[in-house]
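# An overview of the molecular structure
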Amino acid sequence: AVDYKVLFEPTSRTAYEYFTATKNYLILSTMDTVKSKLEFFKLEEDGSSLSLMSGSETEAKIRDCSCRPIDILESDEFWFTTNDYTTPSSLFLADASKLETVSSQEEDAFIVGEPVKQLPPQYDSDDLLVEQYFATSKDGTEVPYFMVRHKDLKLDGKNPTLLYGYGGFEISLGPHYIATSGLSWLERGGVYVEANIRGGGEFGPSWHQAALKENRNKAYEDFIAVAEHLIDTGICKPKTLAARGGSNGGLLMGNMYVMRPDLWGALHCAVPLLDMKRFHLLLAGASWQGEYGFPDKDWDAFLHKYSPYHLIDESRESYPPMLVTTSTRDDRVHPGHARKMVKKLWDLGKGKSWPIYYYENIEGGHGGAADAKQSAFMTALAMDFMFDTLSKNAKEMD
């Protein structure tokens, strides 16, 4: 009979990533509250059992990393690649056997020497801190988020703060090098935040399934909770808080615009879905009905509750400034969503404080740009719009 041993069992806050092996060791990579954790198990000489090495990580780290064996039959060496919000991708030679001879407190003791290769930094991150916090959503669920900020940040509410989210299709957000946000936002003194809201895959399928169809409101409540936590802790005020998202994240932005216009100083809504009554009739929309619902039968039950195009409040005197961007050649989310939303806002907002801006790139697909030059322009357009708007609001708070 085979004697099985459980090396890892997922929980509501942990998830399995992958395992790999060297000649004498098994390396297990897991996610613990959206942070990376590596554990090393030694294969006993007779091959009958595995024992956890004392040099394994006891605390998960805010980083993304991978391990690839060099020669699984002959060596315990492997390639170790890592990056995080402020550190570009670095490749190290590593040796699992080093954990036999070092202190269990030594960080990344398996690394051999300096990086073999490292991508050059794209922005100055010397004075930045990366931290994880938790906000409590409307139903009591704890929602994690990552914040990148300057060490000497003043909690006076005047910091231009950018909150990014997606929350759909089991797509996870997590530690990765943020070159463009670092250059265009953090170097200018701003605060960058990523919210791990429901609908994503940060905690496995259940985190995604918790915000499907009639429960889509959970994703929006999570995002609102993170925004409110940033405000309550003094990082920013509503006038110095911007939000950004694209595609499904554009739907998130549209709903933030109509559900909680009081929370935002500026919004960037990119290549968005906005008309949830007709999304299934346009381009690839029919394939998303498992995520959002079926308009032909679910519209009255719940879909109308998060269709931004239909939730514009004509009685409001003000909405926050919003930039909507799309591409003429988007073959996934039809540009008609963005076009009709902006036209409706322009028509209904005449004589009111409804600042709405629109840019449609005639090239590029769902990414909104056809090449690096266009991508840089689109990013600069959005970042400058948000940062300049928030900075002006901060000055008016003096």
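Residues numbered from 1 in each chain as written. Predicted model: local features only at pLDDT ≥ 70, side-chain atom pairs only at ≥ 80, totals over all residues. Heavy atoms only, no water.

### Topic: the packing of aromatic side chains
Overall, the coordinates contain 18 aromatic pairs when judged by the stated rule. Note on Phe-40 and Phe-110: the rings are 5.2 Å apart at their centroids and 40° apart in plane angle, and the pair reads as tilted. Taken as a pair, Phe-40 in strand E3 (residues 35–43) and Phe-110 in the loop between strand E7 (90–95) and strand E8 (111–118) lie far apart in primary sequence, 70 residues in all. In this structure, Phe-40 and Phe-110 share a single accessibility class: buried. When the ring of Phe-279 is compared with that of Tyr-292, the centres are 5.6 Å apart and the planes differ by 85°; the resulting orientation is edge-to-face. With a gap of 13 residues between them, Phe-279 in the loop between strand E14 (266–270) and helix H5 (289–292) and Tyr-292 in helix H5 connect regions that are remote in the sequence. You'll find Phe-279 and Tyr-292 in the same group, each marked buried. Lying over the aromatic face of Tyr-309, Lys-340 brings its terminal NZ or CZ to 4.8 Å of the ring centre. Here the basic side chain of Lys-344 rests over the ring of Tyr-309, its NZ or CZ set 4.4 Å away from the ring centre. (Phe/Tyr/Trp six-rings, centres within 6.5 Å; stacked < 30°, edge-to-face > 60°. Helix = DSSP H or I, 4+ residues; strand = E, 2+ residues; numbered from the N terminus. Buried < 20%, exposed > 50% of the residue type's maximum accessible area, 1.4 Å probe, protein only. Lys NZ or Arg CZ within 6 Å of the ring centre and 35° of its normal.)

### What to know about the pattern of salt bridges
Working definition: two side chains of opposite charge can pair if their charged atoms are close together. If you walk through the whole model with that rule in mind, you get 20 salt bridges. Note that Asp-222 and Arg-198 form a salt bridge whose closest N and O atoms lie 2.8 Å from each other. On the criterion of sequence distance, the pair formed by Asp-222 in helix H3 (residues 217–232) and Arg-198 in the loop between strand E12 (191–195) and helix H2 (205–209) is long-range, its members being 24 residues apart. Comparing Asp-222 with Arg-198 shows no difference in burial state: the two are buried. Salt bridges linked by common partners bring Glu-57, Lys-61, Arg-63, Glu-107 and Asp-108 together as one network. (Salt bridge = Lys/Arg side-chain N within 4 Å of Asp/Glu carboxyl O.)

### Here we look at the pairing of strand E16 (residues 356–361)
When strand E15 (residues 322–327) meets E16, the two strands line up parallel, connected through 6 bridges. Within E16, the residue paired with Ser-327 across the bridge is Asn-361. Between E15 and its parallel partner E16, the chain crosses via helix H7 (residues 336–348), and the hand of that crossover is right-handed. (Pairing = 2+ DSSP bridges. Right-handed = clockwise from strand over helix to strand, strands pointing away.)

### Some words on the sheet that holds strand E5 (residues 64–69)
Sheet architecture is open: 4 strands sit in the order E5-E6-E7-E8, paired in antiparallel fashion. In this open sheet, the two strands that pair with only one neighbour each are E5 and E8. Looking at each pair of strands side by side, their axes are set apart by 25° on average, direction ignored. Relative to E8, E7 is paired through 4 bridges, and the arrangement is antiparallel. Residue pairing across strands places Ala-94 opposite Ile-111, the latter belonging to E8. (Axes fitted to C-alpha atoms, helices over the stretch in contact; angles between N-to-C directions.)

### Comments concerning the side chain of Thr-86
The residue Thr-86 is located in the loop between strand E6 (77–83) and E7 in this model. What Thr-86 contacts, discounting residues up to four positions off in sequence, is Tyr-123, Ser-125, Leu-128, Val-130, Val-148 and Tyr-177. (Contact = heavy atoms within 4.5 Å.)

### Examining the sheet that holds E3
Strand order in the open sheet made by the 4 strands is E1-E2-E3-E4, with antiparallel pairing throughout. Each of the sheet's edge strands pairs with one partner strand only, and the pair in question is strand E1 (14–21) and strand E4 (50–52). Taking each pair of neighbouring strands and ignoring which way they run, the sheet shows an average axis angle of 30°. Here 3 bridges tie E3 to E4, and the two strands are oriented antiparallel to one another. Bridge pairing links Phe-41 to Leu-52 in E4.

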